Amino acid sequence: MLSRVADSLYWMARYIERAENNSRILDVNLQVTLDDENTGVDGDKIDWEPILATLEEQKLFNSLYTVMNADTVCEFITFAKENPNSIRSSVAAARENARTVREYISSEMWERINGLYLWLNSPAARQMFASSAIDFFRHVVDCSHQFHGTTAATLTHGEGWHFLQIGKYLERADSTSRILDLKYHILLPRGEEVGGNVDTIQWQAVLKSCSAFEAYRKIHTGQVTPWSVAEFIVLHDSFPRSIRFCVEGVDAALHRISGCDRGHFCTDAERLSGRLCSDLNYTRIADVFKMGLHEYLDGIQLRLIEISTAMHSKYCEWMEPAPGQGQKQEIA
Amino acid sequence: MGQLFGNYDVGDFYDEMFAAPGQVRPHYREVLERFEGMVDGEVERKQALATATFLNQGITFTVYSDNQGTERIFPFDLFPRIIPSEEWEHVERGLVQRIQALNQFLHDIYHEQRIVKEGLIPEEVVKSAKHFRPEFMGFDVPKDIYIHICGSDLIRDREGNYLVLEDNGRCPSGVSYVLENRQVMKRVFPQLFGKLKVRPVDDYGQELLNLLRYVAPANCPKPEDPTVVLLTPGIYNSAYFEHSYLARAMGIEIVVGQDLVVRDDVVYMKTTKGLKRVDVIYRRIDDDFIDPTVFRKDSVLGVPGIVSAYRKGNVNLANAIGTGIADDKVMYYFVPRMIKFYLGEEPILPNVPTWLTMFEEDRKYVLDHIPELVIKSANESGGYGMLIGPHATKEEHEKFRQAIIQDPRNYVAQPVISLSRSPSFCDGVVEGRHVDLRPYILSGEKITIIPGGLTRVALRKGSLVVNSSQGGGSKDSWVVDEE
């Protein structure tokens with residue numbers, strides 16, 4: 001497979017996942033803020049600043065907007081062209097990558113991505129956003145799910161599929177760790193006041209941001225506690241958005257690409273992913289809290305970046321910086 | 001006649017569908033019935049369905065002029081253009097003859113230049129041709145084929161005779177529209193295909209692949225299984241959809257310049273498993289851009305060293321380098337002579353009468369008659385660098401007059417041909433619009449021509465310019481066997 005194709009498939013999957021995660025984060029936050037008691041300018045800030053912090057976009061946001069509230073933050077994360085990670089920008093980037101690999105992906109996959117792109121740029125999307133933002137975000141999430149379903153059902157599960165999985169799982173693991181990290185800080189500034197009504201709502205929101213609430217409920221009955229939420233989101237072995245599950249997915253895909261047995265490595269990326277897998281397999285949540293959840297998640301994010309870098313230098317080492325594709329030639 | 005065609009004006013042109021007002025040509029009868037039988041709003045619904053299909057599949061071209069990189073669909077007209085098989089066979093014979101002559105001409109021009117020595121083409125025309133590549137004199141291309149893929153533009157005059165308007169021997173585009181238009185028409189009018197025997201076009205991809213594999217270079221390590229790729233300028237090229245479409249149809253890799261690298265005069269593509277040797281490149285990049293070490297130094301689209309690999313016989317390019325000389329509109333004038341010279345035959349498909357302003361007598365005539373003529377610059381395409389005398393202003397006439405006087409080598413003139421018209425849907429009514437026809441000719445082990453080709457239609461009322469950049473659209477073209 002061409003290195004460029006592998007790279008495009010990887011990024012296509014990452015961007016679709018990014019659009020989905022952003023949608024879910026906004027959806028959940030909108031719902032939570034409908035229930036809460038923070039009002040006025042300060043209240044808006046308390047409600048929405050954490051979202052920008054999770055996505056590491058405060059600086060760009062502040063350069064574009066003067067007020068921070070549901071409208072401006074949602075606009076910024078949904079439609080802003082200036083924001084390269086907005087939902088619209090992410091879908092546009094996914095589509096751009098899909099276009100360069102049109103001959104590789106199935107027509108059905110292309111039509112999913114292209115359909116979402118066309119819709120996001122149409123008045124219909126704006127209308128839906130204005131009348132019910134929650135419906136809007138759910139629609140984006142649905143489209144992402146449909147894309148993954150279509151992909152699983154129509155694309156050969158060969159090398160390209162594995163690169164696609166790596167992109168999807170790395171992005172998801174990163175996003176999950178950010179959501180948890182942020183909420184931990186906001187909710188437990190000094191490691192106290194566990195329990196209480198608002199807390200429960202906030203921790204439920206964390207689960208919902210990862211689509212984990214229902215799955216969590218099937219395992220844990222009773223009080224939602226930070227302890228068990230973190231355990232579920234970081235260490236659960238079969239919930240498809242837990243960090244452990246995602247890293248497993250990355251590790252399995254990397255091994256499928258090289259043909260090396262799992263538990264061994266023949267590339268640096270496999271060595272790194274295998275090690276992270278083992279760490280997650282043999283870690284207890286008590287160890288995580290002992291170390292500090294924030295420090296632990298920070299470490300995971302760095303290791304995810306290392307895996308991605310190692311993968312690129314192995315398989316896409318030929319990739320050169322952005323081509324000058326704007327050059328024109330006449331069309332006969 | 002029903003309401004759709006009741007007020008149809010045949011006009012003073014050759015009409016593809018009507019021999020005279022109200023008198024439908026036999027090969028259109030079935031289609032007429034089907035369309036007349038449509039209920040209110042059905043045409044609009046089908047047109048909307050077709051448009052949505054193109055948009056959803058991303059069958060678009062990019063408009064360069066605004067920096068948004070806007071993508072538009074190539075307007076599609078639902079009403080098919082029908083060519084009876086007998087007529088088509090005549091066209092086919094003519095095209096085969098023409099491509100044979102052009103290939104022999106290219107061999108000759110890059111070797112002995114007999115046609116020049118014998119005085120049929122002036123030497124200065126060859127020497128001054130913009131796309132002549134003297135660097136390739138004496139170079140033998142694999143299988144002696146130069147123009148592997150040719151798109152020749154045909155028009156019909158007032159009597160319905162097919163004439164050749166120009167040849168595109170470099171990177172002719174548009175064939176993906178032929179294939180997609182057919183897909184859409186099958187979805188929209190399945191019943192019609194059942195009734196009429198429309199010749200299929202679907203095997204184009206396979207034929208193209210066969211051809212590319214056939215022309216593997218001398219040093220191909222596995223001549224029975226050469227590695228073929230399609231080289232595109234990238235997703236910002238307006239024909240990118242087509243490049244991708246064809247690569248998919250052939251099941252080959254589509255590559256951009258940076259995917260390829262030349263080592264020791266061998267071309268490789270960069271894959272996740274290391275370098276992989278490439279034998280044949282269907283390149284959709286012009287000569288000028290293909291190798292910055294040989295042609296345009298500023299090209300970022302090409303591959304440094306690829307020309308050297310080509311010369312060594314380690315890779316083949318389709319089309320060959322230097323075929324652009326045959327696209328020169330001055331050279332076009334000489335094609336009938338080539339046919340006689342190389343094949344000893346009379347041209348089956350005539351040229352449009354042409355004056356060369358480089359000849360003094362012709363120039364005098366042209367300068368005296370600019371307002372009646374079509375003036376074309378020798379090396380531009382896409383409907384640019386062209387003047388349609390009767391539709392132009394005095395200032396434009398004067399501009400071209402000066403241009404001709406300044407550079408008589410680079411202009412040709414032709415009479416205004418009343419292109420044939422075909423019924424087309426225009427804002428809910430059916431009106432005649434001018435059409436041309438671009439068949440695609442593949443020269444490999446044998447010569448194959450896609451039945452029909454791309455019918456382009458000038459959707460602006462009265463317009464004679466069919467190019468997509470100038471308000472043109474397309475139609476599905478059906479070659480049907482008459483009962």
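The rules behind the values
- By convention here, each chain's residues receive numbers from 1 onward along its written sequence.
- Chain labels run from A onward and ligand labels from 1 onward, assigned in the order the entries are written.
- Confidence filtering applies because this is a predicted model: local features only for residues at pLDDT of at least 70, side-chain atom pairs given and counted only at 80 or more, and all residues used for totals across whole chains, interfaces and linings.
- For every residue, the predictor reports its confidence as pLDDT, a number between 0 and 100.
- Here the C-beta atoms are placed from the backbone, and a residue counts as buried if at least 20 other C-beta atoms lie within 10 Å of its own, exposed if 12 or fewer do, and partly exposed otherwise.
- The helix count covers DSSP runs of H or I at least four residues long, the strand count covers runs of E at least two residues long, and both are numbered beginning at the N terminus.
- Strand pairing follows a simple DSSP-based rule, namely that at least 2 bridges must link the two strands.
- The start and end points of each domain follow an automatic or database-based domain assignment.
- Residue polarity is assigned by list, with Asp, Glu, Lys and Arg as charged and Ala, Val, Leu, Ile, Met, Phe, Trp, Tyr, Cys and Pro as nonpolar; anything else, Gly included, falls into the polar class.

Of all residues in chain B, 96% attain a pLDDT of 70 or more, and the chain-wide mean is 91. Across the whole predicted complex the pTM is 0.86, and at the interface the ipTM reaches 0.78.

All names here are of chain B. Most of strand S24 (residues 472-480) is tucked away: nine of the nine residues are buried. Pairing between strand S5 (residues 76-84) and S24: six bridges, direction parallel. Note that in S24 the partner of Ile82 across the bridge is Trp478. Looking at chain direction, strand S23 (residues 454-458) and S24 are connected through four bridges and run antiparallel. Within S24, the residue paired with Thr455 across the bridge is Lys475.

We now examine the domain arrangement of chain A. All names here are of chain A. Each assigned domain of chain A is listed here: domain 1 (1-155) and domain 2 (159-319). Here the C-alpha centroids of domain 1 and domain 2 sit 21 Å apart. Residue assignment for the side of domain 1 that touches domain 2 shows that the elements contributing at least two residues are helix H1 (3-35) and helix H2 (40-54). The leading source of residues in the side of domain 1 that touches domain 2 is H1, at 19 residues. Tallied by class, the residues present in the side of domain 1 that touches domain 2 amount to 15 nonpolar, four polar and seven charged.

Before going further, it helps to examine unusual backbone geometry. With the exception of glycine, most residues fall at negative phi, and the peptide bonds are largely trans. Cis geometry marks the peptide bond from Ala318(B) to Asn319(B), where omega comes out at -5 degrees. Tracing the sequence through the fold places Asn319(B) in the loop between strand S14 (316-318) and helix H13 (329-332). A positive phi angle is found at Glu56(A), which is not glycine, with a value near 55 degrees. By the element assignment, Glu56(A) lies in the loop between H2 and helix H3 (58-64). What makes Glu56(A) exposed here is the crowd of 10 C-beta atoms within 10 Å. The phi angle at Asp264(B) is positive, at roughly 50 degrees, despite the residue not being glycine. In this structure, Asp264(B) sits in the loop between strand S10 (260-263) and strand S11 (266-271).

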